[in-house]
Amino acid sequence: MIVQNPIEELGRSDQDLILREQLAEHGKSVRVTVFANVVNAAILSFLFFDQVPLALHFIWYAIFGLLSAQRLYLSIPSRMIGAAREKLTKLKNTIALNAAGYALAWGGGVASLLSISSPNQLMLLAIIGAGKMSTAVVSFRHIPEASRAWIIVMYTALTIGLLFLGGIESYAAIALLTMFASVLYVNGAHIFENFAYQLAAGQQIQRSAETVKLLLNDFEEQASSWLFSLDEQGRLVKVCERFAEVAQQPREAMNGVSLASLIAKDGDHDLLVDHIANNRSFRDLTVSVDAGETKQWWTISARAVEERLDADGIVFRGVIEDITAQKNAEDKVSYMAHFDGLTDLPNRRLFTETLNRTIHRAKPEDNVALIFFDLDHFKAINDTLGHPIGDKLLQRIARRLEALVKPGDLLARIGGDEFALLLTDRRAQQAQDIAEMIVEQTGRPFLVDDHNVVTGVSVGVAEWQSDIKDANKLLKYADLALYSAKGAGRNRVVCFEEGMDVAAEARRNMELDLRAALGRDEMRLHYQPLIDLKTQEKIGYEALLRWEHPRNGVVMPDDFIPLAEETGMIVQLGEWVIRKALEDAATWDEELTVAINLSPSQMRSASLVSTIVNALAQSAIAPQRLELEITESILMHDSEANIRTLHSLRDLGIRISLDDFGTGYSSLNYLRSFPFDKIKIDRCFVSEIDTREDCRAIIRSVISLAQNLGMTTTAEGVEREDQVEELRLEGCDQVQGFLYGKAEAIGEYTDLRSNDASAPQVETIYLPASDVPLLQDEKRKKA
């Protein structure tokens, strides 16, 4: 049978403790057990004195004397004082060896006497053998190694003696002896296991007690709670040092002072006074205390004492807890939940809650107005000057606008650069004037870290009507008015009017339909021909997008392209246009070009170049047949990145046109920064070229500029022959307009046909740039 040593499962410190306790406990009973062994040996020797030679008696006594002396020596307490673990372990092993020697002396002695014993003596030897074997469990209960050694040696010696004695009785005795030794062996192990675990548990309890003691000491020094006692008049008795320290008063001076006098007259002050006056117990009353220059918050609990416990006449005993830190944290959390951390203005949550309460309490005759406003081009300020400057600008604006706020108003930062102002009563009747003041005040320059920052603000105003029961509806109206202010040019005030919500709903529906249009195959490309003025032949087509709405019919680009730009869907639409236009152009005559318009959002798309390259590869048409048209606004924003993109496209052989030239800022720097292939003259100049000299002069200048820069010119919106004649005289290269054909579906033009296999193949010759002017001169001569 294998018995696990419980010490091995414990920590090193616990093992050291148990080792010392083993030796100490064992040493306490050594003298008694040695004396008992000597007495038992003497009795046994006396009973067999005549049957055993005298010399053997002396030898046996000598062995017992040596073993007993060694055992007494090993049990001296001084041997364990300050001894290292290795020395104590060696001492324990020596004790086990001593036990084995003792057991051999007893077992060998008893076994040798079996063969010469009478029946009465055999009975006595059996008692002595069993008793001595049991001695191991008692005498060596704290040292299991010694106990096991004693039992094993005794059992072995007695078994050998019985075997030599022979007979059925001896064999039966061996069986009984085996069971008895096994029981003693196992119980000895269990006894020691309980001893070890009790020691370990006691050690753990001691450690826990020390921890609790440390915690209690720490609590006394740093705790936020303290005990107090009151007499019949509610005066403090035996004030503790901690109470005096928190109250910031001398302890002696606080004795006899009324507890209620320390507490501010708010919170549960009156309830506390009532409980004390009526001798009622109470719990968790929250009160505030002015301690020095700081305000503290306490919770007080106390139990009424039915009988006076001492001469001080104490009738209340209780505990006070300082919850100032908790109260401050709660106030901070509440502030953070309802106020903007940057501007210290109320946030959207507090504003919405207040607006809801105001509307729910408003009577039909009451006036309530809501002003929504946000900064114009605030993103540009963040991008150019950095977010720290932007944050400081918002703080400056908040402080300046607070000067416009009167009692009863609520100014809040809703988020980002958005603000809101709630007005009631007479102030609500002045909402539009106040909104104009917001525009005027915000428009004044702000000095932020040596930067003179100028910004504007778009403002939407909505007035509450008695049929508006939901704050969100009023918020929506103000937001629609704000959106209208932005659409009208920004830096202005727009008041909500009936119909704005209808328009917004229509816009929302259009947005939903537009998102599904491509999936439902509702988009179509129409093509308008491009005419060479000298040959009067079609040289290409411009692709123009149309939306065939299932309910509204054909929707023109002006009605949905701005929405697509705003929502970001223009990139997906633009990619479809590029793929579809090149797919269609692949079926045309190889001399015909196709022109596609690019939006600012498309130019910013990282996938633009790859989309065009993939579409060219898929359609297998020459890059020179593709012409991309951009407007000046594309070059106004992210000009460096956009010009890099244009160069990448031009390097592929794609032609780049500047559309609507003359209607924007018309900075000549754009023409210098990028070598456009073509300039398109806007229809606003072409429409009156035959009637107004200023239009003719502008067109003449643009054409001259283009010719000097080696660029082609195309006039848009040509509708009359007189316009064509004027453009030809001024030297314009190409025209397009209703005179030559409006934008039609691809099936409406007979020349947009598929090339069949029998058609002659046109060889495309790529000339060096230096040969292009020579080829153009040759074409003019032939024309």
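What counts, and at which threshold
- Residues numbered from 1 in each chain as written.
- Predicted model: local features only at pLDDT ≥ 70, side-chain atom pairs only at ≥ 80, totals over all residues.
- Heavy atoms only, no water.
- Helix = DSSP H or I, 4+ residues; strand = E, 2+ residues; numbered from the N terminus.
- Buried < 20%, exposed > 50% of the residue type's maximum accessible area, 1.4 Å probe, protein only.
- Contact = heavy atoms within 4.5 Å.
- Areas by Shrake-Rupley, 256 points an atom, 1.4 Å probe, with all protein chains shown as cover.
- Pairing = 2+ DSSP bridges.
- Axes fitted to C-alpha atoms, helices over the stretch in contact; angles between N-to-C directions.
- Parallel < 35°, antiparallel > 145°, perpendicular 65-115°, else oblique.
- Left-handed = near helix turned anticlockwise from the far one by under 90°.
- Nonpolar A, V, L, I, M, F, W, Y, C, P; charged D, E, K, R; others polar.
- Salt bridge = Lys/Arg side-chain N within 4 Å of Asp/Glu carboxyl O.
- Lys, Arg positive; Asp, Glu negative; His and termini not counted.
- Expected span 1.5 Å × (residues − 1).
- Arc of directions from axis to C-beta.
- pLDDT = per-residue confidence, 0-100.
- Phe/Tyr/Trp six-rings, centres within 6.5 Å; stacked < 30°, edge-to-face > 60°.
- Lys NZ or Arg CZ within 6 Å of the ring centre and 35° of its normal.
- Disulfide = S-S within 2.5 Å.

Trainee: Sorry, what's going on with the overall build of the protein chain here?
Mentor: From N to C terminus, the protein chain includes 29 helices and 22 strands. With 783 residues in all, the protein chain has 43% of them scored as buried. Long-range pairs, those at least 24 residues apart, make up 64% of the contacts in the protein chain between residues at least 6 apart in sequence. Summed over its atoms, the accessible surface of the protein chain is roughly 41,800 Å², and 55% of this surface lies on carbon and sulfur atoms.

Trainee: Help me understand the sheet that holds strand β12 (residues 493-495) in this model?
Mentor: Hydrogen bonding along the main chain pairs the strands of a sheet, whether they run parallel or antiparallel. One open sheet holds the five strands; their spatial order is β7-β8-β6-β11-β12, and the pairing between them is mixed. Two strands lie at the open edges of the sheet, namely β7 (410-415) and β12, each paired on one side alone. The sheet shows a mean angle of 20° between the axes of neighbouring strands, direction not considered. Relative to strand β8 (residues 418-424), strand β6 (residues 368-376) is paired through seven bridges, and the arrangement is antiparallel.

Trainee: Looking at this model, I keep getting lost on the packing of helix α2 (residues 30-47) against helix α4 (residues 85-113). Mind explaining?
Mentor: Axes are the key here: two packed helices are described by the angle between their axes and the distance separating the axes. Two elements in contact, α2 and α4, have axes separated by 13 Å at closest approach and are oriented at 15°. Regarding the angle of α2 to α4, the classification is roughly parallel. In this structure, α2 crosses over α4, and the sense of that crossing is left-handed. Residues V34, N37, N40, A41 and L44 of α2 pack against Y102, W106 and L113 of α4. Residues belonging to the contact of α2 with α4 are distributed by class as follows: six nonpolar, two polar and no charged.

Trainee: Whenever I open this one, the pattern of salt bridges confuses me. Can you help?
Mentor: Proximity of charged atoms lets side chains of opposite charge pair with each other. Enumeration according to the criterion identifies 34 salt bridges in this entry. Measuring nitrogen to oxygen at the nearest pair gives 2.9 Å for the salt bridge that ties D513 to R551. Of this pair, D513 sits in helix α18 (residues 500-517) while R551 sits in the loop between β14 (537-549) and β15 (553-555), placing them 38 residues apart in sequence. Assessed through its relative accessible area of 13%, D513 is described here as buried. What makes R551 exposed here is its relative accessible area of 61%. Close ionic contact of E716 with K680 constitutes a salt bridge, the shortest N to O distance being 3.3 Å. Of this pair, E716 sits in the loop between β20 (712-715) and α28 (721-730) while K680 sits in strand β19 (residues 678-681), placing them 36 residues apart in sequence. The exposure class of K680 is buried, given its relative accessible area of 0%. Linked through salt bridges whose partners overlap, the residues forming this network are E693, R696, R700, E726 and E730.

Trainee: Would you explain the sheet that holds strand β5 (residues 316-322) in this entry?
Mentor: One open sheet holds the five strands; their spatial order is β2-β1-β5-β4-β3, and the pairing between them is antiparallel. Strands at the two margins of the open sheet, each flanked by one partner only, are β2 (236-237) and β3 (282-291). In the sheet, strand β4 (residues 294-304) pairs with β5 via seven bridges, with the strands oriented antiparallel. Residue I300 lies in a different strand from β5, and its bridge partner there is I320. Those strands touched by helix α10 (residues 269-277) are β1 (225-230), β3, β4 and β5, and its axis lies near 125° from that of β3.

Trainee: Sorry if this is basic, but what is going on with the side chain of D659 here?
Mentor: Topologically, D659 is positioned in strand β18 (residues 655-661). The side chain of D659 sits in the buried core without any salt bridge; K680 is the nearest counter-charge, 4.4 Å away.

Trainee: Looking at this model, I keep getting lost on helix α3 (residues 54-74). Mind explaining?
Mentor: Owing to its 3.6 residues per turn, the α-helix brings residues three or four apart onto one side. Between its first and last C-alpha, α3 extends 30 Å over 21 residues, near the 30 Å set by a 1.5 Å rise per residue. All of the buried residues along α3 are H57, W60, F64, L67, S68, R71 and L74. Taken around the axis of α3, the buried residues stretch over an arc of 130°, which confines them to a single face. Every exposed residue of α3 that faces more than 90 degrees away from the buried side is listed here: F58 and L66.

Trainee: How should I be thinking about the packing of α3 against α4 in this particular structure?
Mentor: For the pair α3 and α4, interaxial distance at closest approach is 10 Å and the crossing angle is 160°. Classified by the angle between their axes, α3 and α4 sit roughly antiparallel to one another. The interaxial crossing formed by α3 with α4 has left-handed handedness. Contacts between α3 and α4 involve W60, I63, F64, L67, S68, Q70, R71 and L74 from the former and L91, T94, I95, N98, G101, Y102, A105 and W106 from the latter. Considering only residue class, the contact of α3 with α4 consists of ten nonpolar, five polar and one charged.

Trainee: What's the story with the confidence of the model for the protein chain in this structure? I'm lost.
Mentor: As a general rule, the predicted coordinates of low-pLDDT regions are not to be interpreted in detail. Residues of the protein chain with pLDDT of at least 70 account for 89%, and the chain-wide mean is 82. Ranking the helices and strands of the protein chain by mean pLDDT puts strand β21 (residues 734-735) first, with 96, and helix α29 (residues 772-782) last, with 36. Scored below 50 in pLDDT, residues 754-783 makes eleven contacts in the model with residues more than four places away or belonging to other chains.

Trainee: Would you explain the pairing of β4 in this entry?
Mentor: With respect to burial, β4 is a largely interior element, eight of its eleven residues being buried. Pairing of β3 with β4 involves eight bridges; the strand directions are antiparallel. Within β4, the position partnered with S288 by the bridge is W297. The hairpin turn running from β3 into β4, its antiparallel successor, is two residues long, and G292 in that turn takes a positive phi close to 65°.

Trainee: Looking at this structure, I do not really get unusual backbone geometry. What am I missing?
Mentor: Phi is mostly negative for residues that are not glycine, and the peptide bonds are mostly trans. One non-glycine residue with positive phi stands out, namely K238, at about 55°. Following the sequence through the fold, K238 ends up in the loop between β2 and α8 (241-247). Residue classification places K238 among the exposed positions, given a relative accessible area of 57%. The phi angle at D425 is positive, at roughly 55°, despite the residue not being glycine. Overall, D425 belongs to the partly exposed group, its relative accessible area being 49%.

Trainee: Quick question: what am I supposed to make of the side chain of E629 here?
Mentor: Tracing the chain through its elements places E629 in strand β17 (residues 626-630). In this structure, E629 is in contact with E542, A595, I596, N597, L598, S657, D659 and K680, ignoring residues within four places of it in sequence.

Trainee: Just checking my understanding: could you explain the environment of H190 for this structure?
Mentor: By the secondary structure assignment, H190 is in helix α7 (residues 168-222). Relative accessible area serves as the criterion here: at 41%, H190 is assigned to the partly exposed category. Between the alpha carbons of H190 and P144 there is a distance of 9.5 Å; along the sequence they are 46 residues apart.

Trainee: What's the story with the packing of aromatic side chains in this structure? I'm lost.
Mentor: Working definition: an aromatic ring pair is given by the centre-to-centre distance plus the angle between the planes. With the rule as written, the count across this model stands at eleven aromatic pairs. Residues W226 and W298 carry aromatic rings whose centres are separated by 5.4 Å and whose planes lie at 85° to one another, so their mutual orientation is edge-to-face. Here W226, found in strand β1, pairs with W298, found in strand β4; they are 72 residues apart in sequence, far enough to count as distant. The buried category is assigned to W226, whose relative accessible area is 3%. On the accessibility criterion, W298 (0% relative accessible area) is buried. Between F373 and F419 the ring centres are 5.7 Å apart and the planes differ by 10°, which places this aromatic pair in the stacked class. Of the two residues, F373 sits in strand β6 while F419 sits in strand β8, which places them 46 residues apart along the sequence. As far as burial versus exposure is concerned, F373 and F419 are alike and both buried. The structure contains a cluster of three or more aromatic residues connected by ring pairs, namely W226, F243 and W298. Looking at K327, its charged tip hangs above the ring of W297, at a distance of 4.7 Å from the centre. Over the ring of F446 we find R400, and its NZ or CZ is 3.7 Å from the ring centre.

Trainee: Which parts of the structure should I look at to understand the state of the cysteines?
Mentor: Formally, a disulfide is one covalent bond, and it connects the sulfur atom of one cysteine to the sulfur atom of another. Under the criterion given, the structure shown has zero disulfides. C695 provides the cysteine sulfur closest to C684, a residue in no disulfide bond, and the two sulfurs are 7.3 Å apart.

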